[in-house]
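For reference, the chains in residue letters:
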There are 2 protein chains.
Amino acid sequence: MKKPTLYTSLSPALLHLYDLDGAIVVIIDVLRATSTITTALFNGAKCVIPVDSVAKCIELGKKIDGITAGERDGKIAEGLKYGNSPFEYPSSFIKGKTLVLTTTNGTRLLQMALDEGAGTIITGSFPNLSAVCDFIVAQKRNVVLGCAAWKDKFNIEDTLFAGAVISRVKEHFDINCDSSIAAEHLYQLSKDDLYEAIKPTSHFKRLSGFGLEKDMRYCLTPDQANVLPVYDNGKLIIYKN
Amino acid sequence: MKKPTLYTSLSPALLHLYDLDGAIVVIIDVLRATSTITTALFNGAKCVIPVDSVAKCIELGKKIDGITAGERDGKIAEGLKYGNSPFEYPSSFIKGKTLVLTTTNGTRLLQMALDEGAGTIITGSFPNLSAVCDFIVAQKRNVVLGCAAWKDKFNIEDTLFAGAVISRVKEHFDINCDSSIAAEHLYQLSKDDLYEAIKPTSHFKRLSGFGLEKDMRYCLTPDQANVLPVYDNGKLIIYKN
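Residues numbered from 1 in each chain as written. Chains lettered and ligands numbered in written order. Predicted model: local features only at pLDDT ≥ 70, side-chain atom pairs only at ≥ 80, totals over all residues. Heavy atoms only, no water.

(A) View of the interface of chain B and chain A. With 26 residues of chain B at the interface, the matching set in chain A holds 26 residues. Contact with chain A buries surface across chain B, with Lys153(B), Phe154(B) and Asp178(B) losing the most and accounting together for 25% of the total. Between chain B and chain A we count zero salt bridges in total. Those elements that provide at least two residues to the side of chain B that touches chain A are α6 (156-169), α7 (178-190) and α9 (202-208) of chain B. No other element matches α7(B), which puts seven residues into the side of chain B that touches chain A. The class makeup of the residues in the side of chain B that touches chain A is 13 nonpolar, seven polar and six charged. (Contact = heavy atoms within 4.5 Å. Buried area = accessible area lost by both parts, 1.4 Å probe. Salt bridge = Lys/Arg side-chain N within 4 Å of Asp/Glu carboxyl O. Helix = DSSP H or I, 4+ residues; strand = E, 2+ residues; numbered from the N terminus. Nonpolar A, V, L, I, M, F, W, Y, C, P; charged D, E, K, R; others polar.)

(B) Broad picture of the pattern of salt bridges. This structure, assessed with the given rule, holds 12 salt bridges over all chains. Residue Asp52(B) is joined to Lys56(B) by a salt bridge in which the shortest nitrogen-to-oxygen separation is 3.0 Å. The class for Asp52(B) is partly exposed, based on a relative accessible area of 42%. For Asp152(B), the salt bridge is made with Arg108(B), and the minimal N-O distance between the two is 3.2 Å. Of this pair, Asp152(B) sits in the loop between β8 (143-147) and α6 while Arg108(B) sits in helix α4 (residues 105-115); the two residues are 44 residues apart in sequence, bridging distant segments of the chain. Residue class for Asp152(B) comes out buried when judged on its relative accessible area of 10%. Salt bridges sharing partners connect three or more residues here, namely Arg32(A), Glu71(A) and Asp215(A). (Buried < 20%, exposed > 50% of the residue type's maximum accessible area, 1.4 Å probe, protein only.)

Structural data, given as structure tokens:
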């Protein structure tokens, strides 16, 4: 039997090069959007609604009585109540609530994947690495790993997550994709200390300037919030088999 | 003194993210355009004129009595006389002649760099690795390493060349660029056997299907044709200090 294909898009600016039609697209925004999304859902959030602007976040938050969250330049955006840190969403706070989250890179990529006809959109991050791998192997469908990157610039942390997925699932897919090969190499090189590996990166410098080392360590640790966020009609909810 | 910056653009689709204004842009199309360009110049070609279509190649070739060359899908394009292999341009053949070369990925990237205001455009490949490194270090100006990729898709061989350059010049530049860090990691991982490293890649599969292993080995060998092609008013000529 022919194996399904797996490709890695290293930036939203490259997503159009891949055939998303009917495929599973994994949205990857390791620091910190997709790590926070899976954490909020794992901790009992009813759903997470990703929106692309602060204005929409405020408007929707009022309308549905949701928790409004999002950052711009490392601070909680004006008019919103909470930030992008996974530690802001413990069970004691988020259980049963709806989180309306505005992110820039991740939300835009999700919208692009929708526009390009993706069959199923899920979010991936180290805290739900196993859930992502188990799902894409079980589904036996074509997969595109979509790195959210940083304002379209390639970033290492999202690529490392793509590499981690590939290292676990590669025998189940036909992978004829240099980006995927490179992502796996980078992961194999760094897997023993991912935190050390991201220290020279742009995003590490940006976030450590805000004292977010603890966030970053969490966002690089596998399976701490191991559920599968799946996009369903405007909302991210936990996938149920 | 502040060091100049160095960035790596992994695909022409990402080039617009970098500030090329006044910078040195290194066009990288390892298999095989930029390897062939440096080889033809090293072997005495008067100049190499890159053009973006077969029609322009034929027209210009007639007008200036040049050698017309270019391939499409691994064969010499209809109407042209020669192909993309560096071995087609020994001194005995090319000395004193003008090579009009049509390539797709490389020529397009060069045009984009011109449009974006690049200060100086040079071409890079393993056969002229040292010439590229010596030039960019001596110039003390901002550098963008531009991978030609394959139809905008990231490729490993161009990235490995970027990594080779970075590994040699990095102490002379301020490098705050995840693509450059990743390129150097990939190069360090593969440098002991670059040929082995590109075996799983898309381009290797494509070219080995045409029996071009010898070309690929040459295109991964440093300093076999160690001159510096520099773009000057429509032509690539050897840079003279």
